[in-house]
Each structure stands twice: as structure tokens, then as C-alpha cells.
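Next come the chains, spelled out residue by residue.
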Amino acid sequence: MNEHLRAFPSLTRREGKALHALATLFLSILFLVLPALAARAMEIQSVTSPKGVTAWLVEDYSVPVVAIRLVFGGGSTQDPPGKEGLANLMTGLFDEGAGTLDSEAFQIRLDDAGAEMSFDETRDGIYGSMRMLAEQRDEAFDLLRLAVNEPRFDQAPIDRIRAQVLSGIIANENDPDTVAQNRWARAVYGDHPYSRSDQGTRQSVAAITQADLKALHKAVFARGGLHVAVVGAIDAETLKKKLDMVFGDLPPNQALAPVGDIEPRLAQHIEVNYDLPQTSLQLAWPGVKRTSPDFFPAALMNEILGGGTFTSRLFQEVREKRGLAYSVNSSLVNQDHADALIVTTGTRSDRAAETLGIVRDVVKRLAEDGPTEAELAATKKYLIGAYAINNLDSSSSIAATLVELQLDDLGIDYMQRRSGYINAVTLDQVKAAAKKLLTAEPTIMVIGPPLAGAGKG
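Predicted model only: the values in this text are computed from it and were never measured.

Moving on: the packing of helix α11 (residues 295–306) against helix α17 (residues 427–438). As a packed pair, α11 and α17 sit with axes 8 Å apart at the nearest point and diverge in direction by 75 degrees. As judged from the angle between their axes, α11 and α17 are roughly perpendicular. Residues Pro-297, Ala-298, Leu-300, Met-301 and Leu-305 of α11 form the contact with α17, whose own contacting residues are Gln-429, Val-430, Ala-433, Ala-434, Leu-437 and Leu-438. Tallied by class, the residues present in the contact of α11 with α17 amount to 10 nonpolar, one polar and no charged.

So, in C-alpha cells, the structure goes:
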């Protein structure tokens, strides 16, 4: 449902249309103005410390806060066989004691410093974030230094965090979505590390030892696999000192287990049967690498198909015209070792077959005919305008965006070049991307009651 209208359920149809038009005009102006303002206001500096640690910095003194985002390459793909869930467990322990501070002492000092610190894992990386008050940054950066370099991995916190993870695993054993996603991963990725649950299993999490945690930390936490972004009330010279303090004594190189690339396995039909009133649908087509010359044509095609806007074809056909689903979207999923285009939606179980047929028909028509010039022009304007809103709305989101730009090796001036890349895409290029990606037979997963004829259409 359009969020502008949902907030005013008593509006008449005419009033609703007028409000929608006004909101659309406001967003159009915002999309045109905000990127230019963000580009002018935000200067990204590349800062390298005496020990060779590099970070991207945006100085901002509008509020007395500093945000840092960091990532070490690796992630859950580095979990040894039989120890799945190791990276996930490790990320829950960095604020549970470091250096001479046990768990309680570390938490007290973190609170006293007015800082927030968290770590999490993905398949391809170990991420860390910290927000701190500028006036207490010395204390906060010192705590980050301890967490990065000297995590204690004491047995009592290990057992406590392990119990929490195991509780989640046990609860998820009866959760249809979790069961389905585990089946999806195994079907699409086979025996590749991407097929494994990041949380692990009861058996694998129970088998993790303190020595395993220390070994993974040693293998992953090295300067060679590190990317850092900092946003806020700190200058370049001060940051250089903090970078050396936090990261300067890490080993120069990671010791990661090799992970191969994999093409997702398509043309499969997966049914996860549960007696549910709503059926979830998930479909996968081939993707495109972030470094490919075809990336921007594919990105524009994906937005037209179902990229989350109210004007996408899937939204119009599934939601607006037929009311079959609250949301339906498509996304290009880029990982270090696999890429895919994924479509997801959910609908009433008695209309699931109809919904699946419509999704497949929308995809087929876009593959065969491509988009129109009008669709392409509107999508270009949206993608250019929405970038600042989606990625630059806070110090933490800016830091996260800058880290992702580093990971993708896009260059420090990417934000200035991005509009040019988008505007340079031609209609023929988008049509070619649609034909290349969407003519394959997808893998389809149905979560709900059995669906007769689900793979057809």
C-alpha cells in the first residue's frame, strides 16, 4: 500500500489522489535537490596512518558524535566443517571482555564512555560498528582497540552466548521461513559454504571451543583484509593516531581458507509444505557481478521489474491491480562468490498459484519486450535521487556506505560518477540485460500448502 495514503484512511478518493500527487511532487523535488546537497556537503578523505592503515573519513561537526564502520573479509564461509556457527558466536563475544577487563568491567566502561559497539557476521565478512561522543572518543577508541586485538573469549560468556544461540536454533527448527531458507540454500548452493546456516546447528555450535574462537580471530583479524570508514567530529590527523592505536598492531595478512565461486543452481522447484493461511514465494534467476559492464543496465532493469518502487511492474500487476500481496519485490543479490536476481512475495494460499503465474508472466514479458523509454527515464531519475535518501541519511549509514564502496573497489569519487553511469545506459542495453538474465528457468520455492502446477507458467 502507498505509505502516503495509508496514514490517512478517512480520505476520499479525490483527496487521496491530491495528497498522492503532492507527495509525488515533494519527493521529485527532494530527489533532485538532496543528491546535489549531499555531494556538496560531504567531502570524503582517504586517510592513511603511519603504520599503513587506511580509512575513508567524512568530517562533520554538526553534532558531537563519531561513527566508525569496519569490516574484515572472511565471514561465516570461514567456519570449519563441523563448526558451523563459529563466526556468529565469535561476533557475540567482542563486548564480553577484552584485555584485562572481564565481561562486566568491559560493559561498565562502555557505558561510562557513552559508546555503542556491535559486531556481526555475513557470509563474506566480519563487521564492526561503534558510535561515540566526540568528547569521550579516547576512551571509546581504546575499548575498540581492546575488542579488536585482545578479545578474552572467557568460558562463562562463551557458554552464555552459546546458550542464546542454541535457544534460537531450537526455536527456528519449527519456523517455516527458517526451515525453507535452509532448504533453499542447500538446493541453490549445493555443498558450497553458502549452503550452510550462519547460525550453525545444535551439534556444530555445541562443538565450538575457546581454541576455535581464538583461531578464527587470528585468521581473520589482519590489516590486509580490513576496510574502515569514519564519519563525524574528528579530524584527519587525530584519526591517523586512532587508526594505528586500534589496528596498527594487527598481523599484516589474513590466513583465510579459500572459497570458490559458484553459479546458483536454477530450474528447481522446492516445496516446504506447511498448513498456513499465507504462502510465501521465492524465485531466483541468474545475477550479474558488481564489476560487470552489464551491472547498471541490470540494476535499472531490476528496478523496473520490482525494485521496491510503487511503479515497478511487479508491484503494479500483483499489488495494485489485483491486491494479491502486500509487497512484492525483486533484488540483485551480490556476494563475493555468487550473484542472483531474487523475487519474493507472499499471498493468500488459495491464490498462490495465480500469484506465481502473474509473477512469471511479468518476468517473461520484460524478458521478451524489455522496458519502455518512459519506464527507463523514470527509473534513472529515481535511482539517482533515492541514493542519498537510502544511503546518506545518518553518520552511521554514511560510514556503512563508504565501507561497501571500498569492498566493491568503486573508488572514493564513485558518488560523483554514479549519475553518469546511470544516465549513460541505453534502452537497448537494458533490453539485453533483461533477455540475458530473465529467460533462464528459475528456481522456485513455495512455503505453504502444496501448490499444484507450481513450476509452470
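The rest of the description comes next.
On the basis of which strands lie adjacent, the open sheet formed by six strands has the order β1-β2-β6-β3-β5-β4 and mixed pairing. In this open sheet, the two edge strands, each paired with only one partner strand, are β1 (45–48) and β4 (116–121). The mean inter-strand angle of the sheet, taken between neighbouring strand axes irrespective of direction, is 20 degrees. Two elements, strand β3 (residues 65–73) and strand β6 (residues 226–232), share seven bridges in a ladder whose sense is antiparallel. Note on β6: the bridge partner recorded for Arg-69 is Ala-229. Each of β1, β2 (54–59), β3 and β6 touches helix α10 (residues 236–247); the most contacted strand, β1, lies at about 50 degrees to it.

Of all residues in the protein chain, 89% have pLDDT values of 70 or greater, and the mean over the chain is 91. Considering only residues more than four positions removed or in separate chains, one finds that residues 1–37, a stretch of pLDDT under 50, has 30 contacts.

Turning to the pairing of β4, a few remarks are in order. The alternating pattern of β4 places Met-117, Phe-119 and Glu-121 on a buried face and Glu-116, Ser-118 and Asp-120 on a face that is not buried. Counting the residues in the hairpin turn of β4 and strand β5 (residues 125–133) gives three residues.

On to the nonpolar core, then. With 60 residues, the main nonpolar core has Leu-305, Leu-402 and Leu-438 as its most contacted residues. For this core, the element with the highest residue contribution is helix α13 (residues 352–369), accounting for eight residues. Ignoring any residue separated from it by four or fewer positions in sequence, one finds Leu-402 in contact with Ile-44, Trp-56, Val-58, Ala-229, Val-231 and Met-415. Ala-134, Ala-233, Ala-236 and Leu-250 belong to the second-largest nonpolar core, a separate cluster that totals 56 residues.

This paragraph deals with the packing of aromatic side chains. Taken as a whole and judged by the stated rule, the model has eight aromatic pairs. Ring centres of Tyr-189 and Tyr-194 lie 5.6 Å apart, and the angle between their planes is 80 degrees; on these two criteria the pair is classed as edge-to-face. Each member of the pair, Tyr-189 as well as Tyr-194, is classed as buried. Here Arg-290 stacks its cationic end above the ring of Phe-295, 4.0 Å away from the centre of that ring.

Our focus in this paragraph is the pairing of strand β11 (residues 443–448). Buried residues dominate β11, accounting for six of its six residues. Where strand β7 (residues 269–273) and β11 come together, five bridges link them in parallel fashion. Along β11, the bridge assignment pairs Asn-273 with Gly-448. Sheet topology note: the strand β8 (residues 278–286)/β11 ladder contains five bridges and is antiparallel. Bridge assignment links Ala-284 to a residue of β11, and that residue is Thr-443.

Take the packing of helix α5 (residues 137–149) against α10 next. For the pair α5 and α10, interaxial distance at closest approach is 8 Å and the crossing angle is 30 degrees. Judged on the interaxial angle alone, α10 and α5 are roughly parallel. In this structure, α5 contributes Arg-137, Asp-138, Phe-141, Asp-142, Leu-144, Arg-145, Val-148 and Asn-149 to the contact, and α10 contributes Thr-238, Lys-242, Met-245, Val-246 and Phe-247. Within the contact of α5 with α10, the residues separate by chemical class into six nonpolar, two polar and five charged.

The rules behind these values
- Residues numbered from 1 in each chain as written.
- Predicted model: local features only at pLDDT ≥ 70, side-chain atom pairs only at ≥ 80, totals over all residues.
- Heavy atoms only, no water.
- Axes fitted to C-alpha atoms, helices over the stretch in contact; angles between N-to-C directions.
- Helix = DSSP H or I, 4+ residues; strand = E, 2+ residues; numbered from the N terminus.
- Parallel < 35°, antiparallel > 145°, perpendicular 65-115°, else oblique.
- Contact = heavy atoms within 4.5 Å.
- Nonpolar A, V, L, I, M, F, W, Y, C, P; charged D, E, K, R; others polar.
- Pairing = 2+ DSSP bridges.
- pLDDT = per-residue confidence, 0-100.
- Buried < 20%, exposed > 50% of the residue type's maximum accessible area, 1.4 Å probe, protein only.
- Core = buried A, V, L, I, M, F, W, Y, C linked by side-chain atoms within 4.5 Å.
- Phe/Tyr/Trp six-rings, centres within 6.5 Å; stacked < 30°, edge-to-face > 60°.
- Lys NZ or Arg CZ within 6 Å of the ring centre and 35° of its normal.

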